[in-house]
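If you want the building blocks of each chain, they are given just below.
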Amino acid sequence: MSAPYTVNDMFANMSYDRFVEDVAVRVASAISRNQSDKEFISQRKAYAMFGRANVDRWRRKGMVKPCKRPGKVEYRTTDLRKCQNREQDYF
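Residues numbered from 1 in each chain as written. Predicted model: local features only at pLDDT ≥ 70, side-chain atom pairs only at ≥ 80, totals over all residues. Heavy atoms only, no water.

Trainee: Pulling in residues and values, what's your account of the environment of asparagine 54?
Mentor: With respect to the helices and strands, asparagine 54 occurs in helix α4 (residues 52-60). Here the side chain of asparagine 54 touches phenylalanine 50 through a polar contact of 2.7 Å, landing on its backbone oxygen. (Helix = DSSP H or I, 4+ residues; strand = E, 2+ residues; numbered from the N terminus. Polar contact = N/O pair within 3.5 Å; in protein donor to acceptor, adjacent residues only side chain to side chain.)

Right, dumping it as structure tokens:
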């Protein structure tokens, strides 16, 4: 029976330059995606982008707070993106 992999094992064959380049690409991608976002999005659009179950779960847990306006419920896009980037918050 083999031991589980560690973080060191995962990066043992990767050069430092390659690692830095991969991180830079991911950061640039995230920045460009977030720059095109509006500050607030409607609940309907949030459900379409992130899934209704996810948005409702994040709201129940207090991770996102709705901004209620007359006849409209909106969410701050940055809060939804933060929740989206969290790993396995549903266990």
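Trainee: Before we move on, could you go through the nonpolar core and cite the residues and values that matter?
Mentor: Core analysis: the largest hydrophobic core is formed by ten residues, namely Ile41, Ala46, Tyr47, Phe50, Val55, Trp58, Val64, Tyr75, Leu80 and Cys83. Elements with a contribution of two residues or more to this core: α3 (43-50), α4 and α5 (77-85). (Core = buried A, V, L, I, M, F, W, Y, C linked by side-chain atoms within 4.5 Å. Buried < 20%, exposed > 50% of the residue type's maximum accessible area, 1.4 Å probe, protein only.)

Trainee: Kindly report on α5, identifying the contributing residues and their values.
Mentor: At 3.6 residues per turn, the α-helix brings residues three or four places apart onto the same side. Those residues of α5 that fall on the buried side of the exposure criterion are Thr77, Leu80, Arg81 and Cys83. Projected onto a plane normal to the axis of α5, the buried residues spread over an arc of 160 degrees and lie on a single side. For α5, exposure combined with an orientation more than 90 degrees from the buried face picks out Lys82 and Asn85. (Arc of directions from axis to C-beta.)

Trainee: Before we move on, can you summarise α4 with the specific residues and values?
Mentor: Of the residues making up α4, those classed as buried are Val55, Arg57 and Trp58. The arc that holds every buried residue of α4, seen down its axis, measures 165 degrees, which confines them to one face. Residues of α4 that are exposed and point over 90 degrees away from its buried face: Arg52, Ala53 and Arg60. Of the surrounding secondary structure, the elements contacted by the buried residues of α4 are α3, β3 (72-76) and α5. (Contact = heavy atoms within 4.5 Å.)

Trainee: Describe the sheet that holds strand β2 (residues 67-69), listing the residues and the values that go with them.
Mentor: Taking strand neighbours across the sheet as the criterion, the three strands line up as β1-β3-β2 in an open arrangement whose pairing is antiparallel. This sheet does not close on itself; its edge strands, each paired only once, are β1 (40-42) and β2. Each neighbouring strand pair of the sheet contributes to a mean axis angle of 35 degrees, computed without reference to strand direction. Of the strand pairs in this sheet, β1 and β3 are connected by three bridges, and their pairing is antiparallel. Residue pairing for β3: isoleucine 41 is matched across the bridge by tyrosine 75. Sheet strands touched by α3: β1 and β3. Its angle to β1, the strand with the most contacts, is close to 90 degrees. (Pairing = 2+ DSSP bridges. Axes fitted to C-alpha atoms, helices over the stretch in contact; angles between N-to-C directions.)

Trainee: Now, about the pairing of β3: what can you tell me, with residues and values included?
Mentor: Across three bridges, the pairing between β2 and β3 is antiparallel. When the bridges of β3 are listed, lysine 68 appears paired with valine 73. In sequence, β2 turns back onto β3 through a hairpin of two residues, with glycine 71 there showing a positive phi of about 75 degrees.

So far we have only geometry, and geometry alone does not tell us how the molecule works.
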